[in-house]
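# Fold and contact review
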Amino acid sequence: MKIIAAEFVVGAVGRNDLPGDGLPEVAFSGRSNVGKSSLLNRLSRRRRLARTSSTPGKTQQLNYYRINDAFYLVDLPGYGYVSGGVELRRTLGRLTDTYLGNRPTLRAVVQLVDIRNGPTALDLSMIDWLRQDQRPFLLVFTKVDKLSRNQRNQRFRRLEAEGQLENISYVPFSAVSGEGREDILSWISAETGCQPISPQ
Ligand code: GDP
């Protein structure tokens with residue numbers, strides 16, 4: 001497919017705002033500032049499809065992007081922008097919590113973790129929840145360009161030794177170089193049957 005269609009559809013703040021057309025959905029989850037907007041822009045090859053900012057924690061809405069008129073990428077609000085010790089469910093917000101638990105058209109979740117300091121305690125709660133959920137999920141390690149090859153290998157070796165990557169599909173990703181983009185799109189396509197965005 002040559003034509004890339006990627007358009008913002010709605011920023012849902014309540015259940016009534018969620019699209020009712022039944023198209024499959026792939027949700028993107030992660031703490032604020034993890035690089036989610038940058039990743040969505042890279043995936044869709046749109047510089048400004050999703051807003052990137054260095055001020056974390058602003059959006060509390062579920063942003064829907066329709067891709068190739070075939071499925072939605074759903075940008076969940078970044079969690080964890082509150083001081084420590086707060087439960088994941090509280091920082092997710094009620095709409096996101098309900099959405100993840102009850103949305104029939106949600107086919108898969110892409111969970112983002114910053115390679116430098118993740119998974120954080122809240123990331124781990126989310127991963128635990130995803131492990132118990134029926135839907136497929138992919139762990140994406142963001143900002144890998146910020147580490148040297150050595151540092152990166154060390155990091156993955158450690159996560160593997162700790163058992164954090166056991167039975168998990170994961171992809172190292174950089175919004176700067178584009179590394180990992182094709183792997184993420186292939187995973188989405190394989191797990192959901194959704195037509196990937198054209199690699200051009
Ligand atoms: P969001 O809050 O999760 O949507 O995060 P953003 O996409 O807005 O990114 C937060 C900050 O990290 C911005 O300053 C981005 O430029 C930067 N950033 C995001 N992804 C990458 C990456 O892959 N590499 C590098 N070096 N910086 C990144």
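One can find the structure itself at the top, above this paragraph.
Predicted model only: the values in this text are computed from it and were never measured.

### What about the side chain of Thr192?
Here Thr192 lies in helix H6 (residues 181–192). At 2.6 Å, the side chain of Thr192 forms a polar contact with the backbone oxygen of Ile188. Apart from the residues lying within four places of it in its own chain, the contact partners of Thr192 are Val26, Arg107 and Ala108.

### Quick notes on the pattern of salt bridges
This model, assessed by the stated rule, comprises 11 salt bridges. A salt bridge links Glu7 to Arg66, with the shortest nitrogen-to-oxygen separation between them at 2.9 Å. You can see Glu7 sitting in strand S1 (residues 6–12) and its partner Arg66 sitting in strand S3 (residues 62–67), a full 59 residues away along the chain. Of the charged contacts in the structure, one is a salt bridge between Arg158 and Glu162, with a shortest N-O distance of 3.1 Å. By relative accessible area, which is 53% here, Arg158 ends up exposed. Since its relative accessible area comes to 42%, Glu162 is described here as partly exposed. Overlapping salt bridges, with partners in common, bring together Arg31, Asp114, Arg116 and Lys143 in one network.

### Observations regarding the nonpolar core
In globular proteins that are soluble, nonpolar side chains generally tend to be buried together. Core analysis: the largest hydrophobic core is formed by 31 residues, its most contacted members being Leu62, Val74, Tyr99, Leu100 and Phe141. Taken together, the elements giving at least two residues each to this core come down to S3, strand S4 (71–75), helix H3 (94–102), strand S5 (106–114), helix H4 (121–132), strand S6 (137–142) and helix H5 (149–161). Val26, Phe28, Leu73 and Val171 belong to the second largest nonpolar core, which has 25 residues in total.

Reading guide: rules and limits
Residues numbered from 1 in each chain as written. Predicted model: local features only at pLDDT ≥ 70, side-chain atom pairs only at ≥ 80, totals over all residues. Heavy atoms only, no water. Helix = DSSP H or I, 4+ residues; strand = E, 2+ residues; numbered from the N terminus. Polar contact = N/O pair within 3.5 Å; in protein donor to acceptor, adjacent residues only side chain to side chain. Contact = heavy atoms within 4.5 Å. Salt bridge = Lys/Arg side-chain N within 4 Å of Asp/Glu carboxyl O. Buried < 20%, exposed > 50% of the residue type's maximum accessible area, 1.4 Å probe, protein only. Core = buried A, V, L, I, M, F, W, Y, C linked by side-chain atoms within 4.5 Å.

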